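Fold and geometry: a report
Spelled out, the chains give:
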Amino acid sequence: MHLRPVHIYALIAAFFKASLALGGDGRNEITVGAIFYENEKEIELSFDQAFREVNNLKFAELRFITIKRFMPTNDSFLLQQITCELISNGVAAIFGPSSKAGSDIVAQIANTTGIPHIEYDLKLEATRQEHLNHQMSVNVAPSLSVLSRAYFEIIKTNYEWRTFTLIYETPEGLARLQDLMNIQALNSDYVKLRHLADYADDYRVLWKEADETFHEQRIILDCEPKTLKELLKISMDFKLQGPFRNWFLTHLDTHSSGLRDIYNEDFKANITSVRMKVVDPNPFERKKTRITKVDQILGNQTMLPILIFDAVVLFASSARNVMAAMQPFHPPNRQCGSPSPWMLGAFIVNEMKTISEDDVEPRFKTENMKLNENGQRTHFNLEIYKPTVNEPMMVWTPDNGIKTRRLNLELDSGGTAQDFSEQRKLYNVVTHFEEPYFMMKEDHENFRGREKYEGYAVDLIRKLSELMNFDYEFMIVNGNGKYNPETKQWDGIIRKLIDHHAQIGVCDLTITQMRRSVVDFTVPFMQLGISILHYKKPPEPENQFAFLKPFAVEVWIYMIFAQLIMTLAFVFIARLSYREWLPPNPAIQDPDELENIWNVNNSTWLMVGSIMQQGCDILPRGPHMRILTGMWWFFALMMLSTYTANLAAFLTSNKWQSSIKSLQDLIEQDEVQFGSMRGGSTSLFFSESNDTDYQRAWNQMKDFNPSAFTSTNKEGVARVRKEQGDYAFLMETTSLTYNIERNCDLIQIGEQIGEKHYGLAVPLGADYRTNLSVSILQLSEKGELYKMKNKWWKNHNVTCESIHEVDGDELSIVELGGVFLVLAGGVLTGVILGIFEFLWNVQHVAVEERVTPWQALKAELAFALKFWVRKKPMRISSSSDKSSSRRSSSSRRSSKEKTRSKTVS
């Protein structure tokens, strides 16, 4: 029913011509009724205070008289009788009862008689049929559906909780949690629902389940304030009030539960709650010098006393507006059996639904009062606060969501107690031994605690602790965390984080989608990929006499003996052949003697020239000599060709480059096995990839026998080095680079495959994840991450010899140095023999020409240095005459002829 224009009030006024009952002060008196239970004294006092302030308003034309009735028990029949008795007394409105009432009989009677019915307590949402029977009822308490939406926005949007346990006590409490149950699938691994009544015999069973079974860190509890203290006391035995635990208490009267009485330093958990946001007091308003009991009640912000105060103000202001529009006023003289309702009641109800909070007097105690067409309060403000220290934090509004509250220092700073949840926290950092992330110091026996360790991860956590002001201890496990599809369980770092035994996980922990389903990650602190680690065969040492390697030592020995035997055989056969005996001087037709040119010197020269492919200036004449020479030439040709081929192979063998240049080459060959760490992120990358090459690589890795997988990266590196080229290991580029820096026999093959990131892992929904991410970004901007990586990856103590890889047909000077040495040795031998021959000739000349050896030496040396003189005289010594020169010449010729004849003979 909607409010009609004000002039309709004038039409209705014709029905009321009776004289108005006037009070002692000349104002119109209106009677209102209220129903309370016997233990609702504070609500009654607030009700009385509200009408006292309304009646004390200046220039008010109405004066309200209250009739109060009390219910000893929840009896629907007695409640009906009290309601009818109030109506028979001419009340213009009925307040209450609270939600303790088990039926809606008051609302139905009010709806029949047209008397406004004002409620002030949380109640379950009415159905459509119930709304038709409650048209005269309004409720200034928050609508449970809107309250549930508020909790949803606080938990999911502001707190960003994805996993938690919901615990409720009453059906109204379950209704307040309705929207929270839709964040994730109910009773899954994310959202667990528990009813307190199921654990009424022993609440310790509930908390033991939450801690040991759920490993719960976030609990949403909806229970009555009188139950809260006992529940939280018991939870302390299960360390549910320790650091990194989060509680959200949804009851709007949590602050009145006396929780601050038991709060001590053992409460390290972050506990927050909500309550109705009251209007901030006017700092310029005159403060009361005497605080009454009702002032204390209203100052405690207990929900029902405050809401009944607002209900009174709402009704009084609405009734005043309606009465002012029509004169005179006729009281509602009705009975429960009256055939027609009180007409003005509907107008007052409509006015309450539409009146602005700026038009009421006195002011509402709570902020943002607005009702919908069904009389339900859909607009209200909630204050998010810490009940342990009564510290306001944020404010939720239906239109603007959550905003941080700006505190009035004069009003809020004085009564705040110490907040133990904000003390310096101790983080358990879970990791595992992996170079260079986490290692024992060489002299770790001299240190204690976390000082025993070193590495990139140790430095990173230390930097973060300095920025975020926290303490930490290391917890060591066996690995990053692998998922077992059979047991559907994780191990390693991930397991500890899931069980909340640790708060931070750090090592070479790759961010993957599967891991993100069970833990959260910070922003990455390192970017990487996958590459291939292979063995780098050390090149053979360069040998100066490498030209001798094409033949074995015994081959060289056989060749030398073969040449020696062939030389002697050639000399012997030549002496047997008559064709090889020739006259010494071809001009003499009938010589006295013959000469054979195939002596040892000439035969050796022919053998050496043939095998060197240079030939000789003299050749044999006889057929058998030519056959012998031809066979030697054939032998020399075969040996030289074989030597040339083997020499090229030997000189280029140490320059062999692996044919594996990429993953594609690795897949196409079948000589080198390859694998990765079993169950790691690299294996997961290949097994889940849709790329054809990656799937082929994964299938080949699975089929290798023995298995190509390893349990750790360290084992994979050791296997690459052990098998020396027969095994390649696929691993992350960061670990690969680290091992290459420290092992000169390892090499990276191909380019980076894919892109991955390392990040810090934290439990799902951890509220400190954002701070960790911000701190990591700060370290990155300052260059600290780069410095730490350079510190732990660059090995300044190991220097690998730089090997210049060349093409196979390019030989170094070292490898050909032996050839030059042979050349130098031959040249040196020839020079030495030449010098000895020169000195021998000088001595001979001195004797023949009858000069001193020194004169002969000077004369011969002076002539030898005249390079431009091409003819040498028979006599070069100036102390001899021509005759002696001729004698010397003839004697020399005769001496040569004698020597030649002796050789022939």
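Everything below is about the structure printed above this text.
Presented here is a report on the structure given in the accompanying data block.

Rules behind the numbers
Residues numbered from 1 in each chain as written. Predicted model: local features only at pLDDT ≥ 70, side-chain atom pairs only at ≥ 80, totals over all residues. Heavy atoms only, no water. Helix = DSSP H or I, 4+ residues; strand = E, 2+ residues; numbered from the N terminus. Buried < 20%, exposed > 50% of the residue type's maximum accessible area, 1.4 Å probe, protein only. Contact = heavy atoms within 4.5 Å. Pairing = 2+ DSSP bridges. Axes fitted to C-alpha atoms, helices over the stretch in contact; angles between N-to-C directions. Right-handed = clockwise from strand over helix to strand, strands pointing away.

Observations regarding the environment of Gly609
Along the chain, the position of Gly609 falls in helix α19 (residues 600–611). Looking at Gly609, the relative accessible area reads 9%, which means it is buried. Sequence spacing of Gly609 and Ala636 is 27 residues, and the spatial spacing of their C-alpha atoms is 9.8 Å. Each residue touching Gly609, except ones within four places of it in the same chain, is listed here: Gln614 and Gly615.

Comments concerning the sheet that holds strand β12 (residues 376–379)
Spatial strand order, β2-β1-β3-β4-β5-β12-β11: seven strands in an open sheet with mixed pairing. Whereas interior strands pair on both sides, the edge strands pair on one side only; in this sheet they are β2 (62–71) and β11 (370–371). Of the pairings in the sheet, the one linking strand β3 (residues 94–95) to strand β4 (residues 117–119) comprises two bridges and is parallel in character. For Phe95, the partnering residue across the bridge sits in β4 and is Ile118. Against the sheet, helix α3 (residues 76–88) contacts β1 (28–37), β2 and β3, and its axis sits at roughly 160° relative to β2.

Considerations on helix α4 (residues 105–113)
For α4, the complete set of buried residues consists of Ile105, Val106, Ala107, Ile109, Ala110 and Thr113. In the core, the buried residues of α4 are packed alongside β1, α3, β3, β4, α5 (128–133) and β5 (137–142).

Some words on the pairing of strand β9 (residues 246–249)
Burial of β9 is two-sided: the residues Asn246 and Phe248 facing one way and the residues Trp247 and Leu249 facing the other way are all buried. Judged from the four bridges that link them, strand β8 (residues 218–222) and β9 form a sheet pairing that is parallel. Note on β9: the bridge partner recorded for Ile219 is Trp247. Taken together, β8, helix α9 (residues 225–235) and β9 form a β-α-β motif whose crossover is right-handed.

Some points on unusual backbone geometry
Cis geometry is adopted by the peptide bond preceding Pro97, which originates at Gly96 and carries an omega value of -5°. Here Asn705 and Pro706 are connected by a cis peptide whose omega angle stands at 5°. Structurally, the position occupied by Pro706 is in the loop between α23 (692–703) and α24 (713–723). You will see that Lys488, though not glycine, has its phi angle at about 55°, which is positive. Here Lys488 shows up in the loop between β20 (483–484) and β21 (489–490). Looking at Lys488, the relative accessible area reads 60%, which means it is exposed.

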